[in-house]
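# Survey of secondary and tertiary structure
Here's the letter readout for the chains.
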Amino acid sequence: MNLHPQKSSISPSHGHGHKPHMGPNGYDRATVTVGCPAPAPVAGSVSASATAFGDLPSVRAMGTGRAGIVVGFDTEFTTVGGARVIDSYQFAVPDPTDASLMVEVVILPLDGGRLSLHGALWEVVAAAELWKSPLAPTIKTDGGRRSVIGPRGVPRAEFWSDDPEERREALAKLKLPLVLACHFGSADLTAFRCDGRVPDHLTRLTSAAGGLVTLLPFRSQRQGDGHGKYWQALSVSVRDTMAHAPAGQKGLADLGQACGVPKLGVPDGWISNMTGYRAQHLEDFLEYGINDSVIVVEYLARLWGDGAVPPITLSGGAAAAMVSTGSVYLEVTTSKDFRRKFAGLVVEDDGLEVVEEEDRLSYYAKRSRNPIDGAAAQLSAAFAHAYHGGLNSCPMPGYYPVPTVDIDAQNAYPTAMACVLDVDWEAGVIEEVIHERSLTLDGVPSPTTPFVAFVSFTFPVGTAHPCLPVVADKTLVYPRTSDGSAGTWVCGPELWLALRLGAEVFCQIGYRARELEGPDDGRSLVLRHSVKSLIDDRNTAKRLFGKGSIEEKTLKTGVNSVYGKTAQDVAEQRAWNAHEQEMDAVGGSSITSPYHAAMTTSLVRAQLLATMNQLHAAGRRVFSVTTDGFITDASCDEVNELDLYGLAAVFREARVALTGDPVIWEAKHAQDDLVNFTTRGNISMSLGGVCAHNGLKAPKGIEPDSLEDREFLLRAVVTRDCKVCPTPTPGSRHSRSSRAGRTARTSSRA
């Protein structure tokens, strides 16, 4: 390193710099400065107690239960000629001996170079004295255990062997476990140069929920002194707060507000010239730079507790919670047994080779699993074929100067999940095969019958909204007849509704699954039990922390993401595998189940289509429908009174089980004017009315849903003479370099 350190000092500081102090008045902070003039101190962050939140059963199950040293990370850069010049790397980590203090490290690459990730992290280890952490490696001696790590690393004598593999493994046991946490890591994790002595961290990263993460920790080992007398060993997990933020609150300012650390800003004009800002306003630059790193650490601590390794994503945590609660419900003790009973999957070595390699579905093949037997393989494949996305349509585009209401199904997907019966994979899951005959309600007696079939069909003339989906051009269409196509794979709920609407349905091949007996009036409803657990804890969080609190919204996100995890990779998803340098299947989650996913989304579509048909029969209109709601000229009370051909009773029973309230519909917006121009695109000029942009973003500075926003959208739509496209965001290129100067300091965590 090319550093010229000054003498380190620790002193109490009463000044608060140019920003208001965020801790209690008069709180003293210790400040350490190395290698640069001492910047004005910044206020410590406010860390709300996470104890009560962490004690909630769902949150305990969502967490990893592992301890780690969480290091917040951010960069500042200036784009010059299309390439980024890195102006600073900043890190924040709780003091290992006093968690009320936050150590803040800013590294300034004064020579224009870039750091290696390992080199930067070890600077943080040294500045924060992380070898003093209780998680630092120790070895057993006659007198107990002693630490083996210091500022230069681990002495060679503690692990050395002539065998390269043996010494590599021995050094790995003497690692510091770090969690490198950032916000929108694709901007910051690409700011390091490659270091040939350690693995390239970019090949270990995976895109998840809008951020970059590692699925497993990776090792980073190298010499610590250039002579081989000391070696540095790190185990690095990467987390991204984008994957831990509730929907609609993914901005860093939102996270800062949630954890009590307001996000700082820079004066107008400087954000595109951070190099100049650093040169002319160094103290302000340092204050602004470190702020984002502190927010990341405090936000994760608020959710998961100090020194806890966060789950990879909120949705992944929700899946883990479902495995935990579902295992209790199904009376199994391991995740392996849960997968067997819930989804009919076993590990590869335990399963029968019932599926040819090229016919295996990626959701289980990628995870080295197999169906339990041939019947399980056949049924899972059929439901995977019948898995379709949400219903989205604009049946009545135009301008309507009449009262309309935007109505949503309350918690549509959690409610539908609560209706899905479990099936008995271990007893021979296919109970009945229907082949080459007309289908009747005797074959599908209820909307929750676990049934899937490949069918052809014809609806009566005059059916307003046929309900059997056919895939055409990668989208769902709802024709009156399947004539002209071979047919379509459909699940029980929509087949039941089609028969209630009078359709003639010919079943080419269909499978009725064997229902699993369980504790809910003889039924097994594991999704209902798991979702209810999350909902109960969400209500507790609302009571403890307040409606709209980050704790309440975290559990709301958890509730809503369980469905997505059951459907993960059912319709094969591919993503870039950086380690293998190729596109590859994403693979299933711990709760992926084509049966549960397909039945859930089929129930939601059936709910909407039954409503649309009954409203049409009552002389009402539906102008737009999107996934879990629609715009209509009927009142919400009218909609709640519909029986949906018998389907409403099923949903009301589920709502009572989940919340105690049988109401299944709620009004979201109401307006006296409606411009309905496309799917997910409609505007009212009434504040509080609908304002759906269909992906078109308003210019910066226009507040969403404001009158100005509505005027912008209306003008863009009605004055266009071609397709309206969002303004593209310019990309950036990356350059390589290393570091030169560094500052470090410690502030209080009030």
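Sequence order as written defines residue numbering, which begins from 1 separately in each chain. Side-chain atom pairs in this predicted model are given and counted only at pLDDT of 80 or more, local residue features only at pLDDT of at least 70, and totals for whole chains, interfaces and linings cover all residues. Just so you know, side-chain values use all the structure's heavy atoms and leave hydrogens and water out.

### Here's the deal with the overall build of the protein
Numbering of helices and strands starts at the N terminus; helices are DSSP runs of H or I of at least 4 residues and strands are runs of E of at least 2. Counting secondary structure elements, the protein contains 20 helices and 35 strands. For every residue, the accessible area obtained with a 1.4 Å probe (protein chains only) is divided by the maximum for its type, and the residue is called buried under 20%, exposed over 50%, and partly exposed between those limits. Split into buried and exposed, the 750 residues of the protein put 54% on the buried side. Contacts: residue pairs with any heavy atoms within 4.5 Å of one another. Partitioning the intrachain contacts of the protein with sequence separation of at least 6 by distance along the chain shows that 71% fall at a separation of at least 24. Put simply, the protein shows about 32,000 Å² of open surface, and 51% of that area lies on carbon and sulfur atoms. Note on areas: Shrake-Rupley, 1.4 Å probe, and residue coverage restricted to the protein chains presented here.

### Concerning helix 19 (residues 647-659)
An expected span of 1.5 Å times one less than the residue number is assigned to each helix. Taking 1.5 Å of rise per residue, the 13 residues of helix 19 would be expected to cover 18 Å, and the 18 Å separating its terminal C-alpha atoms lies within 8% of that figure. Among all positions of helix 19, only Leu 647, Ala 648, Phe 651, Ala 654, Arg 655 and Leu 658 are buried. Buried residues of helix 19, viewed axially, fall in a sector of 125°; they line one side. Its buried side turned inward, helix 19 meets helix 13 (412-417), helix 14 (492-500), helix 15 (526-545) and helix 17 (594-617). With its phi angle positive at about 85°, Gly 660 sits one or two positions after the end of helix 19. The arc under discussion is defined with respect to the helix axis, by the directions toward the C-beta atoms.

### Brief notes about unusual backbone geometry
Positive phi, close to 55°, is recorded for Glu 129, a residue that is not glycine. Here Glu 129 is to be found in the loop between helix 3 (117-128) and strand 6 (138-141). Phi angles above zero are rare outside glycine, and Asn 694 is one such case at about 55°. As for its placement among the helices and strands, Asn 694 is situated in the loop between strand 34 (691-693) and helix 20 (707-718).

### Describing the sheet that holds strand 20 (residues 451-458)
The strand order across the open sheet formed by 4 strands is 19-24-20-23, and the pairing between neighbours is antiparallel. Both outer strands of the open sheet, strand 19 (430-438) and strand 23 (488-491), are each paired with one neighbouring strand and no more. With direction set aside, neighbouring strand axes in the sheet form an average angle of 25°. Two strands pair if DSSP finds at least two bridges between them. Angular values range over 0 to 180 degrees, each being the angle between N-to-C directions of two axes fitted as lines to C-alpha atoms, with helices fitted over their stretch in contact.

### Notes on helix 12 (residues 374-385)
Along its 12 residues, helix 12 runs 17 Å from first to last C-alpha, staying within 8% of the 16 Å computed at 1.5 Å per residue. Taken residue by residue, helix 12 has Ala 376, Ala 377, Leu 379, Ser 380, Ala 382, Phe 383 and Ala 384 as its buried positions. N-capping of helix 12 is provided by Asp 373, with a side-chain oxygen placed 3.2 Å from the backbone N of Ala 375. Two N or O atoms count as a polar contact when they lie within 3.5 Å, although within protein this holds only if one can serve as hydrogen donor and the other as acceptor, and sequence-adjacent residues are included solely when both atoms are side-chain atoms.

### Considerations on the pattern of salt bridges
Basic side-chain nitrogens of Lys or Arg form a salt bridge, by our definition, when they fall within 4 Å of a carboxyl oxygen of Asp or Glu. Across all of its chains, the model carries 16 salt bridges by this definition. Close ionic contact of Glu 426 with Arg 340 constitutes a salt bridge, the shortest N to O distance being 2.8 Å. Within this pair, whereas Glu 426 is found in the loop between helix 13 and strand 19, its partner Arg 340 is found in helix 10 (residues 335-343), the two being separated by 86 residues in sequence. What makes Glu 426 partly exposed here is its relative accessible area of 44%. Relative accessible area serves as the criterion here: at 32%, Arg 340 is assigned to the partly exposed category.

### Section: the packing of aromatic side chains
We call Phe, Tyr and Trp rings a pair once their centres come within 6.5 Å, taking the six-membered ring for Trp, and we label the pair stacked below 30 degrees between planes, edge-to-face above 60, and tilted otherwise. Applying the stated criterion across every chain, the model contains 16 aromatic pairs. What links up through ring pairs into an aromatic cluster is the set Phe 73, Tyr 89, Phe 91 and Phe 192. The ring centre of Phe 77 lies 5.0 Å from the NZ or CZ of Arg 84, which sits over that ring. Here, a charge over a ring means that NZ of Lys or CZ of Arg falls within 6 Å of the ring centre while also lying within 35 degrees of the ring normal.

### Considering the confidence of the model for the protein
Per-residue pLDDT for the protein averages 84, and the proportion of residues at 70 or more is 84%. pLDDT is defined as a per-residue confidence score from the predictor, taking values between 0 and 100. Low pLDDT (under 50) marks residues 1-51, which in the prediction has 119 contacts with non-local residues, meaning those over four places away or in another chain. Counting contacts from residues 354-359, a segment whose pLDDT is below 50, to residues more than four positions away or on other chains yields 7 contacts.

### Things to note about the packing of helix 6 (residues 252-259) against helix 8 (residues 282-304)
In contact at an axis separation of 9 Å, helix 6 and helix 8 are set at 55° when each is read in the N-to-C sense. The angle between helix 6 and helix 8 falls in the class oblique. As helix 6 runs across helix 8, the sense of the crossing is left-handed. On the side of helix 6, the interface is formed by Leu 252, Leu 255, Gly 256, Ala 258 and Cys 259, while helix 8 contributes Asp 292, Ile 295, Val 296, Glu 298, Tyr 299 and Arg 302. The cut-offs work like this: below 35 degrees is roughly parallel, past 145 is roughly antiparallel, 65 to 115 is roughly perpendicular, and the gaps in between are oblique. Crossing handedness is defined as follows: a turn of the near helix away from the far one that is anticlockwise and smaller than a right angle gives a left-handed crossing, while the clockwise case is right-handed.

### Quick look at the sheet that holds strand 33 (residues 681-683)
Taken together, the 4 strands give an open sheet; going across it, the order is 17-32-33-34, and neighbouring strands pair in antiparallel fashion. Two strands in the sheet have a free side with no partner beyond their single neighbour: strand 17 (398-400) and strand 34. The sheet shows a mean angle of 25° between the axes of neighbouring strands, taken without regard to direction. Note that strand 17 and strand 32 (residues 674-678) share 3 bridges and pair antiparallel.

### Overview of the environment of Val 405
Along the chain, Val 405 falls in strand 18 (residues 404-409). Separated by 267 residues in sequence, Val 405 and Asp 672 have C-alpha atoms that sit 8.9 Å apart. Not counting residues within four places of it along the chain, the set of residues in contact with Val 405 comprises Phe 630, Ile 631, Thr 632, Ala 634, Ala 667, His 669, Ala 670 and Gln 671.

### Let's talk about the packing of helix 12 against helix 17
Two numbers describe how helix 12 lies on helix 17: the axes approach to 8 Å, and their chain directions differ by 35°. By crossing handedness, the relation of helix 12 to helix 17 is classed as left-handed. Contact with helix 12, carried on its side by Ser 380, Phe 383 and Ala 384, involves Pro 594, Tyr 595, Ala 598 and Met 599 of helix 17 and no other residues of that element. Of the residues assigned to the contact of helix 12 with helix 17, the class counts are 6 nonpolar, 1 polar and no charged. Gly falls in the polar group here, along with every residue not listed as nonpolar (Ala, Val, Leu, Ile, Met, Phe, Trp, Tyr, Cys, Pro) or charged (Asp, Glu, Lys, Arg).

### Considering the environment of Cys 394
Its location among the elements puts Cys 394 in the loop between strand 16 (392-393) and strand 17. In this structure the C-alpha to C-alpha distance between Cys 394 and Val 622, which are 228 residues apart in sequence, comes to 8.8 Å. Discounting residues that sit within four places of it in the chain, Cys 394 has contacts with Phe 623, Ser 624, Asn 676, Thr 678 and Thr 679.

### Side note on the nonpolar core
Grouped together as the largest cluster of nonpolar side chains are 147 residues, with contacts concentrated most on Val 505 and Trp 665. Residue contacts for Val 505: discarding those within four places in its chain leaves Ser 438, Leu 439, Val 455, Ser 456, Phe 457, Leu 468, Leu 495, Ala 498 and Leu 499. We define a nonpolar core as any set of buried Ala, Val, Leu, Ile, Met, Phe, Trp, Tyr and Cys residues linked to one another through side-chain atoms lying within 4.5 Å.

### Some points on the side chain of Thr 415
Of note, Thr 415 is situated in helix 13. For Thr 415, the contacting residues outside a window of four places in its chain are Gln 410, Phe 651, Ala 654, Arg 655 and Leu 658.

### Topic: the environment of Ile 434
Relative to the helices and strands, Ile 434 resides in strand 19. For Ile 434, a relative accessible area of 1% corresponds to the buried category. Between the C-alpha atom of Ile 434 and that of Ala 453, which follows or precedes it by 19 residues, the distance is 8.3 Å. In this structure Ile 434 touches Leu 439, Gly 443, Phe 451, Cys 507, Gln 508, Ile 509 and Gly 510, once residues within four positions along its chain are discounted.

### Things to note about the pairing of strand 5 (residues 101-108)
Most of strand 5 sits out of view: 8 of its 8 residues are buried. A two-sided burial pattern is seen for strand 5, the buried positions comprising Leu 101, Val 103, Val 105 and Ile 107 on one face and Met 102, Glu 104, Val 106 and Leu 108 on the other. As defined by bridge partners, strand 4 (residues 83-94) adjoins strand 5 across 6 bridges and the pair is classed as antiparallel. Counted as the bridge partner of Pro 94 is Met 102 from strand 5. In sequence, strand 4 turns back onto strand 5 through a hairpin of 6 residues.

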